[in-house]
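Analysis of the macromolecular model
The residues making up each chain are set out below.
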Amino acid sequence: MTLSPEQNQKVEELLRFKYSEMRINAINLLMKQPKEQLSGSIRRLLTDKVAERRLAGLDMMKTIHNVEFLQDTYQELIPPSKIFRNRTRKKKC
């Protein structure tokens, strides 16, 4: 089953939930996207206002870190993940 980019964005919206089976299934579904769409999803999630979605983006980054053919995608997504760290630090202060 292949989803359109619009449908993938609807799935991304489900990631506002903490630790539910729906969240795990949503991440698994998003991870099956073509490389370019996967990169876009992770980028959107890492820069989202909702902390749970940013965490989902980090979970997905952790997953692609060890996948050889996604190493270039991982490297290009490192700067947005640094934005996440800065955003989290500001909220703790």
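Presented here is a report on the structure given in the accompanying data block. (Residues numbered from 1 in each chain as written. Predicted model: local features only at pLDDT ≥ 70, side-chain atom pairs only at ≥ 80, totals over all residues. Heavy atoms only, no water.)

Take the overall build of the chain next. Secondary structure assignment for the chain yields five helices and zero strands. Put simply, the chain runs from its N terminus to its C terminus through helices and strands in the order α-α-α-α-α. Here the chain, with 93 residues, has 35% of them falling under the buried criterion. At a minimum sequence separation of 6, the contacts of the chain that also span at least 24 residues come to 56%. As presented, the chain carries roughly 6200 Å² of accessible surface, and 55% of it is formed by carbon and sulfur atoms. (Helix = DSSP H or I, 4+ residues; strand = E, 2+ residues; numbered from the N terminus. Buried < 20%, exposed > 50% of the residue type's maximum accessible area, 1.4 Å probe, protein only. Contact = heavy atoms within 4.5 Å. Areas by Shrake-Rupley, 256 points an atom, 1.4 Å probe, with all protein chains shown as cover.)

As a further point, take the pattern of salt bridges. A full pass over the atoms with the stated rule returns four salt bridges. A salt bridge links Arg-44 to Glu-12; its shortest N-O distance comes to 2.8 Å. Taken together, the positions of Arg-44 in helix α3 (residues 35–46) and Glu-12 in helix α1 (residues 5–13) put the pair 32 residues apart, joining distant regions of the chain. Overall, the relative accessible area of 34% leaves Arg-44 in the partly exposed class. Here Arg-43 ties to Glu-76 by a salt bridge, and the two come within 3.6 Å at their closest N and O atoms. (Salt bridge = Lys/Arg side-chain N within 4 Å of Asp/Glu carboxyl O.)

What follows deals with the side chain of Arg-54. The residue Arg-54 is located in helix α4 (residues 51–65) in this model. Within the buried set, Arg-54 has no salt-bridge partner at all; the shortest N-O distance to an opposite charge, 6.0 Å, is to Asp-48. Engagement of the side chain of Arg-54 in a polar contact is seen with the backbone oxygen of Lys-49, the distance being 2.8 Å. (Lys, Arg positive; Asp, Glu negative; His and termini not counted. Polar contact = N/O pair within 3.5 Å; in protein donor to acceptor, adjacent residues only side chain to side chain.)

Before going further, it helps to examine the packing of helix α2 (residues 21–30) against α4. Their axes nearest at 11 Å, the elements α2 and α4 cross at an angle of 50 degrees. Here α4 runs oblique to α2, going by the angle between their axes. The two elements α2 and α4 cross, and the hand of that crossing is right-handed. Of the residues in α4, those in contact with Arg-23, Ile-27 and Leu-30 of α2 are Glu-52, Leu-55, Ala-56, Asp-59 and Met-60. Class assignment of the residues belonging to the contact of α2 with α4 gives a composition of five nonpolar, no polar and three charged. (Axes fitted to C-alpha atoms, helices over the stretch in contact; angles between N-to-C directions. Parallel < 35°, antiparallel > 145°, perpendicular 65-115°, else oblique. Left-handed = near helix turned anticlockwise from the far one by under 90°. Nonpolar A, V, L, I, M, F, W, Y, C, P; charged D, E, K, R; others polar.)

With that settled, the discussion passes to α4. End to end, α4 covers 21 Å across 15 residues, agreeing with the expected 21 Å (1.5 Å per residue, within 8%). For α4, the set of buried residues is Glu-52, Arg-53, Arg-54, Ala-56, Gly-57, Met-60, Met-61 and Ile-64. (Expected span 1.5 Å × (residues − 1).)

The biggest cluster of nonpolar side chains holds 17 residues, and the ones touching the most others in it are Leu-15, Leu-30, Leu-38, Ile-42, Met-60, Met-61 and Ile-64. Among the secondary structure elements, those contributing two or more residues to this core are α2, α3, α4 and α5 (71–92). Dropping the residues within four chain positions of it, Leu-38 is found in contact with Leu-30, Met-31, Gln-33, Met-60, Ile-64 and Leu-70. (Core = buried A, V, L, I, M, F, W, Y, C linked by side-chain atoms within 4.5 Å.)

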